[in-house]
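# Survey of secondary and tertiary structure
Letter by letter, the chains look like this.
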Amino acid sequence: MQQVTTQRTIPNPANVSPAGGPRLVQTLGLFSSTALVIGSMIGSGIFLVDADIARVTNSPALYLGAWVVTGVLTIIAALSYGELAAMMPKAGGQYVYLRESLGPLWGFLYGWTLFLVIQTGTIAAVCVAFGKFLGVFFPSVSTTHWLWHIAHVPPIPIGPMVLGNMDIGVNTANLAGIVVMFFLAVVNIFGMKIGSMIQNVFTSAKALSLAALVVLGFTIGRSATAWEANFGAGWSRFWENAGWHTLHPVQVGIGGPLGMVNLLVVLAVVQVGSLFSSDAWNNITFTAGEVKNPKRNIPLSLVMGTGFVLTVYFLASLAYILVLPMRGDPHGATMLARGVQYAAEDRVGTAALEQIFHSGGAQLMAAAILISTFGCANGLTLAGARVYYAMSRDGLFFKSVGKLHPRYHTPVAGLMVQALWTAVLCVSGSYSQLLDYIIFAVLVFYILTIVGLFVLRRKWPAAPRPYRALGYPVLPGLYIVMATWICIVLLRYKPQYTWPGLVLVLIGIPVYFLWSRKPSIQT
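Residue numbering note: each chain is counted from 1, following its sequence as written. With the structure being a predicted model, the display of local features is reserved for residues of pLDDT at least 70 and the display and counting of side-chain atom pairs for 80 or more, all residues being used for whole-chain, interface and lining totals. Each side-chain value is worked out from all heavy atoms of the structure, with water and hydrogens disregarded.

Runs of E in the DSSP output that reach at least two residues are strands. Runs of H or I that reach at least four are helices, and both are numbered from the N terminus. Assigned secondary structure in the protein consists of 19 helices and four strands. Against the globule reference of 24 Å for 523 residues, the protein gives a C-alpha radius of gyration of 22 Å, in line with a compact fold. C-alpha extents for the protein along the principal axes are approximately 70 × 55 × 45 Å. Remark: exposure states derive from per-residue accessible area (1.4 Å probe, protein chains only) relative to the maximum for the residue type, with buried under 20%, exposed over 50%, and partly exposed in between. For the protein, the residues scored as buried account for 60% of the 523 residues in total. Note on definitions: a residue-residue contact is assigned when non-hydrogen atoms from the two residues lie within 4.5 Å. In the protein, once contacts between residues fewer than 6 apart in sequence are set aside, the share between residues at least 24 apart is 79%. Counting every atom, the protein has about 19800 Å² of accessible surface; 68% of that belongs to carbon and sulfur. We score Asp and Glu as negative and Lys and Arg as positive, and we do not count His or the chain ends. For this purpose, a charge sits on NZ of Lys, CZ of Arg, CG of Asp or CD of Glu. One way to put it: in the protein the 30 positive side-chain charges average out to a point 17 Å from where the 15 negative ones average out. Both definitions apply: the radius of gyration is a C-alpha atom measure, and the globule rule equals 2.2 Å times residues to the power 0.38. Accessible surface is estimated by sampling points in the Shrake-Rupley manner with a 1.4 Å probe; for residues, cover comes only from the protein chains shown.

Quick look at the structure:
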C-alpha cells in the first residue's frame, strides 16, 4: 500500500500547496476574514433554538447559562485554533491540523464527514431555509408546492433513531435553495475577491439586522409582563429551577423514559441547540491559503468574529425574555401567552418582532433571515471546497478536485462537486436528519483537534509559533474536559443524535484505506 505523504518538520509558506503545486491567491484581509467568521456562524439558528433551550431548562438563569457555556467553549476553541492556524496557514485548515498532529486517517475522517454531511448538509439546510422564508413574500415558493414529488419515505425506527419520514423530490422551496446554492458556487469560481465582497456586504447586513433586534428588545419591546414573569421582584423568578439540587426532566432518546437530571447535565443536553447554532466559526481556517498575512489575520479574525457573534447571541436571547415570558402555554392564543417556550414552530425571533410591532413582524424577520441565510451559504460554499482541495492533494479525494482554475486560482472542481452533492441532499429531504446525526461527531473532531495542539507542542517544539494559544495548557485542557462531558451526556440522553454520527464517521475508515492506495498529487 502506498503511504500518503503527510510529514513535514515545519509547515510550508502560507500560499504554497503541500506539494509546491498550484498557488491559491491571497486576497482576504483582516476585515474580510472576520466577515467570513461572522457570516459562516450566523444562520437561522439564533432565531429558532431558544425555544427548545427554554423548554428543557425551564429556568431563565439556565436558559441564559446555556449561552454562557457555549460562549466559553467556542472562545477557548477559537483561541486554540489560532495557534494551529498561525503555524500551518494552508488551505484545508482543520483537516491539515488533524493530519499533522494525529495522522492522515484522522484528517481524512474529518474531511469525509465534512463532505458527506457537515458542510454540504449545512449548506442544504441553510439554502432550503432561504427558500422557505422567500415564501413569506412569494407564496408560490413553498415546501408543499411540489414540481416533482418522487416519494414519501415512511418512518423507520432503528434503535434510538428514526430514519426516513421525509419527502423526496423537487418543490419550489428546495428549488429556490438549489438555484441560490449553484449561483454562489459559480460566483466563487471567479475568484475569492468576488466571494469575499458578497460575504462582506451580507455579513454587514445580517450583523446590523441582529443588532437591531437586540436594540428593539432592550428598548421599545420591553414588556412589563415579561419582566414580571422572568425576573420578578429582586430577580427572584430569574433564579427559579436553577439550584444545584433542582432536578430537571429530560427525555432519553425518542419516546424514551424521562430522566431527572441536575443542572450540569441539563446544560450539556441543551448544547445541541446553542453550541451548534454557533458552529462554522472554523471555516476561516479552510481558506488560510487565501488570507493575507495569515499568521496574524487568522487568529485575530477567529477571536474578533467569534467574540462578536457570541456576544450578540447572548444579548439576542436576553432580548427575547425582555419581550416575551420564557414560560408559556402551547395552546396560548397570543405571543405573550405562548412565551419563548412555545413560540409558533419555535420561531422565537418572529414571535418577538410580532409582539413589538403587532403587524409586519413576520415580514421583517423573514427579510432578516433571507439576508442571514444567503450570506451564511456563501461563506460555507467558498470555505468547504478548500478542504476537498487539500484532501485531493494528499490523494484522498477525486484527483480533479486538487487542481485550480488556471486564471482565477480557485478550486473549481471542488466547488462543483460540493454543489452537486448538496443538491442531492436538498432533493432527498434528508439533510436535516443528517445534521442531527453529526452534531456529536462535530464536537468530537473539535476535541481531537485541540488534543492535537498538545501533540504538536511535543512533536514540533521548535516550529515557529507566531501566536501561542492564550491560557495554554489550562484553557485548552478545560475545553477538552467540558466538551468531553457534553459528549458523555449526549451519548446517554440524546442517543438519536450521537450513535448515528459515530456510524457515519466509522464508515469512512474502510473508505480511507481504499482511497489511500491511490498516489497523492504531491511530488
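Don't stop here, the text continues.
Moving on to the environment of L79. Here L79 lies in helix 3 (residues 60-87). Sequence separation between L79 and A268 is 189 residues; the distance between their C-alpha atoms is 22 Å. When sequence neighbours within four positions are dropped, the list of residues in contact with L79 reads V303, Y467, A469 and L470.

Moving on, we come to the packing of helix 1 (residues 30-41) against helix 15 (residues 361-393). An axis is simply a line fitted to the C-alpha atoms; with a helix, the fit covers only the stretch in contact. Between two such axes, the angle follows the N-to-C directions and lies from 0 to 180 degrees. Between helix 1 and helix 15, the least distance of the axes is 7 Å, while the angle of their chain directions is 115 degrees. The two elements helix 1 and helix 15 cross, and the hand of that crossing is left-handed. Within the contact between the two elements, helix 1 uses L36, G39 and S40 and helix 15 uses G375, C376, G379, L380 and L382. Counted by class, the contact of helix 1 with helix 15 contains four nonpolar, four polar and no charged residues. Left-handed describes a crossing in which the near helix is turned anticlockwise from the far one by less than a right angle; the clockwise case is right-handed. The nonpolar class holds Ala, Val, Leu, Ile, Met, Phe, Trp, Tyr, Cys and Pro. Asp, Glu, Lys and Arg form the charged class, and all remaining residues, Gly among them, are polar.

Moving on: the pattern of salt bridges. For salt bridges, the criterion is a side-chain nitrogen of Lys or Arg within 4 Å of an Asp or Glu carboxyl oxygen. In this structure the tally under the stated criterion is eight salt bridges. Linking R457 and E83 is a salt bridge whose minimum nitrogen-to-oxygen distance equals 2.8 Å. Of this pair, R457 sits in helix 17 (residues 431-459) while E83 sits in helix 3, placing them 374 residues apart in sequence. In this pair, the class of R457 matches that of E83, namely buried.

This part covers a nonpolar patch on the surface. On the surface, a cluster of nonpolar side chains totalling about 490 Å² of accessible area is made up of L147, W148, I150, L175 and V179. Those elements that provide at least two residues to the nonpolar patch are strand 1 (146-158) and helix 6 (172-189). Looking at which element gives the most residues to the nonpolar patch, the answer is strand 1, with three residues. Checked against the element boundaries, W148 lands in strand 1. The patches reported here contain residues having more than 30% relative accessible area and no salt bridge. Joining distances are 9 Å for like charges and 5 Å for nonpolar side chains (Val, Leu, Ile, Met, Phe, Trp, Tyr).

A few words on the confidence of the model for the protein. Of the residues in the protein, 92% have a pLDDT of 70 or more, and the chain-wide mean is 86. Known as pLDDT, the predictor's confidence for each residue is given on a scale from 0 to 100. Ignoring residues within four places in sequence, the model shows residues 1-22, a span with pLDDT below 50, making 57 contacts including any to other chains.

Time to look at the packing of aromatic side chains. Ring geometry is summarised as follows: Phe, Tyr and Trp rings, the Trp one being its six-membered ring, pair when their centres sit within 6.5 Å, and such pairs are stacked at plane angles under 30 degrees, edge-to-face over 60 and tilted between the two. Taken as a whole and judged by the stated rule, the model has 27 aromatic pairs. With a centroid separation of 5.2 Å and an interplanar angle of 75 degrees, the aromatic rings of F115 and F397 are classed as edge-to-face. Here F115 is found in helix 5 (residues 104-134), whereas its partner F397 is found in the loop between helix 15 and helix 16 (412-428), with 282 residues between them in sequence. Between the aromatic rings of Y512 and F513, the centroid separation amounts to 5.1 Å while the plane-to-plane angle is 75 degrees, which identifies the pairing as edge-to-face. A relative accessible area of 7% means that Y512 is categorised as buried. For F513, a relative accessible area of 38% translates into the label partly exposed. Charge-over-ring contacts are defined here by two conditions on Lys NZ or Arg CZ: a distance within 6 Å of the ring centre and an angle within 35 degrees of the ring normal. Seen from the ring of Y472, R457 lies directly overhead, with NZ or CZ sitting 3.8 Å from the centre. Here R492 stacks its cationic end above the ring of Y493, 4.8 Å away from the centre of that ring.

A few words now on the packing of helix 5 against helix 6. Closest axis-to-axis distance for the helix 5/helix 6 pair is 7 Å, and the angle between their directions is 120 degrees. Taken as axis vectors, helix 5 and helix 6 run oblique relative to one another. Considering only the axes of helix 5 and helix 6, their crossing is right-handed. When helix 5 is examined against helix 6, the residues I123, C127, V128, F130, G131, K132 and L134 are found in contact with a partner set consisting of A173, N174, A176, G177, V180 and M181. The class makeup of the residues in the contact of helix 5 with helix 6 is nine nonpolar, three polar and one charged. Each angle receives one of four descriptions, namely roughly parallel if under 35 degrees, roughly antiparallel if over 145, roughly perpendicular if within 65 to 115, and oblique otherwise.

Looking now at the environment of L353. Along the polypeptide, L353 turns up in helix 14 (residues 348-357). Sequence separation between L353 and Y320 is 33 residues, and the spatial gap between their C-alpha atoms is 9.4 Å. When sequence neighbours within four positions are dropped, the list of residues in contact with L353 reads L213, L216, H358, G361, L364 and M365.

So, on to the nonpolar core. Definition of nonpolar core: a set of buried residues of the types Ala, Val, Leu, Ile, Met, Phe, Trp, Tyr and Cys, connected through side-chain atoms within 4.5 Å. Membership of the largest hydrophobic core comes to 161 residues, with the highest contact counts inside it found for Y63, F108, L210, W281 and Y479. Ranked by the residues each element gives to this core, the list is headed by helix 5, at 17 residues. Aside from chain neighbours lying at most four places away, what touches Y63 is D50, I53, A54, T57, S317, Y320, I321, M326 and V340.

Take the side chain of Q341 next. Structurally, Q341 can be placed in the loop between helix 13 (335-338) and helix 14. Classification of Q341 by relative accessible area gives buried; the value is 5%. Any pair of N or O atoms that falls within 3.5 Å is considered a polar contact. Within protein, one atom must be able to donate a hydrogen and the other to accept it, and sequence-neighbouring residues count only if both atoms are side-chain atoms. A polar contact of 3.3 Å, which involves the side chain of Q341, links it to the backbone nitrogen of G328. Excluding its chain neighbours within four sequence positions, the residues that come into contact with Q341 are A51, A54, R55, N58, M326, R327, G328 and D346.

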